[in-house]
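Close look at the chain arrangement
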Amino acid sequence: STLGNSLSFGNLTNSNGSSGSSASSPTRAVYATGTSSAKIEAVTFASTGVSEAFGDCLTGKTNSAGAGNSVRGVFGGAYLSPGDRKSNSIEFITIATLGNTQDFGDLTIFRTCLRACSNQVRAVFGGGYFTPSTTASGGTADNRIDYITIASTGNAQDFGDLSSGSIHSRGAALSDSHGGLGGF
């Protein structure tokens with residue numbers, strides 16, 4: 001609610017902040033660390049300091065996309081460790097409680113380096129690096145957008161298309177549903 005420079009908050013324990021994904025509620029931020037160890041860590045906004053262990057992802061992954069609402073965090077797509085395998089899986093956590101991710105469903109395609117954003121009802125996943133199967137190497141820019149309803153589980157559905165395909169677009173999405181842009 002004020003303008004100014006950022007201040008030091010603390011440090012992540014298991015991640016350098018690279019290749020991970022995140023979600024948040026009004027009280028806590030959660031980071032899927034983007035390492036082969038599959039660790040999830042969290043910080044509480046009301047305090048500063050080192051992150052705490054939250055739980056584990058179902059698999060080690062990097063370059064997934066994270067989003068969520070005040071109850072759940074969701075993480076979709078990824079490079080699976082080890083190797084150049086892409087994932088179409090979506091996992092979820094309940095942000096208020098510590099614990100491991102659970103299976104939510106699947107994206108419509110295998111991809112990594114995608115972006116996500118959400119409001120309290122839906123999360124959308126767009127762009128990224130697409131392959132036709134989890135074992136295919138390489139990939140092409142993808143323009144598809146998928147959506148899920150955060151309160152339920154199930155596979156993503158087609159939402160539409162980006163105006164062009166994008167590779168390595170991670171972290172490039174923003175929603176105004178929390179009052180930051182338009183107050184909706």
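Residues numbered from 1 in each chain as written. Predicted model: local features only at pLDDT ≥ 70, side-chain atom pairs only at ≥ 80, totals over all residues. Heavy atoms only, no water.

Structural notes on the nonpolar core
Rules: Buried residues of nine kinds, namely Ala, Val, Leu, Ile, Met, Phe, Trp, Tyr and Cys, make up a nonpolar core once their side-chain atoms join them within 4.5 Å. Burial classification: accessible surface area is computed with a 1.4 Å probe over protein chains only, and a residue below 20% of its type maximum counts as buried, one above 50% as exposed, and the rest as partly exposed. Secondary structure is summarised from DSSP: a helix means a run of H or I of at least four residues, a strand means a run of E of at least two, and numbering begins at the N terminus for each. In what follows, residue pairs with any heavy atoms lying within 4.5 Å of each other are defined as contacts.
Core analysis: the biggest nonpolar cluster contains 14 residues, and Val-74, Ile-90, Phe-104, Leu-107, Ala-123, Phe-125 and Ile-148 have the highest contact counts within it. Counting residues per element, the ones that place at least two in this core are β6 (65-68), β8 (85-94), β9 (102-112) and β11 (122-126). Ignoring any residue separated from it by four or fewer positions in sequence, one finds Phe-104 in contact with Arg-72, Val-74, Ile-90, Glu-91, Phe-92, Ile-148, Thr-149, Ile-150, Ser-152, Thr-153 and Gly-154.

Describing the packing of aromatic side chains
Selection rule: Pairing of aromatic side chains requires ring centres within 6.5 Å, counting the rings of Phe and Tyr and the six-membered ring of Trp. Pairs whose planes differ by under 30 degrees are stacked, by over 60 edge-to-face, and all others tilted.
Here the structure, examined in full by the defined rule, presents 2 aromatic pairs. Relative to Phe-104, the ring of Phe-92 lies with its centre 6.1 Å away and its plane at 80°, an arrangement referred to as edge-to-face. Placement of the pair is Phe-92 in strand β8 and Phe-104 in strand β9, with a sequence separation of 12 residues. Taken individually, Phe-92 and Phe-104 each receive the classification buried, so the pair is uniform in this respect. Ring geometry for Tyr-147 versus Phe-159: centroids 5.9 Å apart, planes at 70°, classification edge-to-face.

Considering the sheet that holds strand β3 (residues 39-44)
The pairing of strands in a sheet comes from backbone hydrogen bonds and takes either a parallel or an antiparallel form. Basically, it comes down to this: Pairing between two strands requires that DSSP report at least two bridges joining them. In this analysis, axes come from line fits to C-alpha atoms, helices being fitted only over the stretch in contact, and the angle between any two N-to-C directions falls in the range 0 to 180 degrees.
Pairing is antiparallel in the open sheet, where 4 strands are placed in the order β1-β2-β3-β4. Every interior strand has two partners, whereas the edge strands, β1 (21-24) and β4 (52-56), have only one. Neighbour-to-neighbour, the strand axes of this sheet turn through a mean angle of 25°, independent of strand direction.

Observations concerning the environment of Arg-72
The condition is simple: Identification of polar contacts relies on pairs of N or O atoms within 3.5 Å, with a donor-acceptor requirement for protein atoms, meaning one able to donate a hydrogen and the other able to accept it, and with residues adjacent in sequence counted only if both atoms are side-chain atoms.
Within the element layout of this structure, Arg-72 appears in strand β7 (residues 72-80). For the pair Arg-72 and Gln-120, spaced 48 residues apart in the sequence, the C-alpha separation amounts to 9.4 Å. In contact with Arg-72, not counting residues within four places along its chain, are Ala-67, Phe-92, Ile-93, Ile-95, Phe-104, Ile-150, Ala-151, Ser-152 and Thr-153. Of note is the side chain of Arg-72, whose polar atom sits 3.0 Å from the backbone oxygen of Ser-152.

Some thoughts on the pattern of salt bridges
Here is the rule: When a carboxyl oxygen of Asp or Glu lies within 4 Å of a side-chain nitrogen of Lys or Arg, that pair is called a salt bridge.
Per the counting criterion, the structure on display carries 6 salt bridges. With a shortest N-O distance of 2.5 Å, Glu-91 and Lys-61 are connected by a salt bridge. With Glu-91 in strand β8 and Lys-61 in strand β5 (residues 61-62), this residue pair connects regions lying 30 residues apart in the sequence. Of the two residues, Glu-91 and Lys-61, neither departs from the other in class, the shared state being buried. One continuous salt-bridge network, built from bridges that share partners, spans Arg-111, Asp-142, Arg-144 and Asp-146.

Side note on unusual backbone geometry
Glycine aside, residues mostly have negative phi, and peptide bonds are mostly found in the trans state. The residue Asn-63 is not glycine, and still its phi comes out positive at about 60°. Along the chain, the position of Asn-63 falls in the loop between β5 and β6. Even without glycine at this site, Cys-113 takes up a positive phi of about 55°. Within the secondary structure, Cys-113 sits in the loop between β9 and β10 (115-118). Judged by relative accessible area, Cys-113 falls into the buried class, the value being 0%.

Points about the pairing of β10
One ladder, built from 4 bridges, connects β10 with β11; its direction is antiparallel. Residue pairing across strands places Ser-118 opposite Ala-123, the latter belonging to β11. Hairpin geometry of β10 and β11 is characterised by an intervening segment of 3 residues between the two adjacent antiparallel strands.

Side note on the confidence of the model for the protein
Defined as follows: On a scale of 0 to 100, pLDDT captures the predictor's confidence in every residue.
Mean pLDDT over the protein: 84, with 86% of residues reaching 70 or higher. Here residues 178-184 is a poorly scored stretch, pLDDT under 50, and it has 8 contacts once near neighbours within four places are set aside; other chains count.

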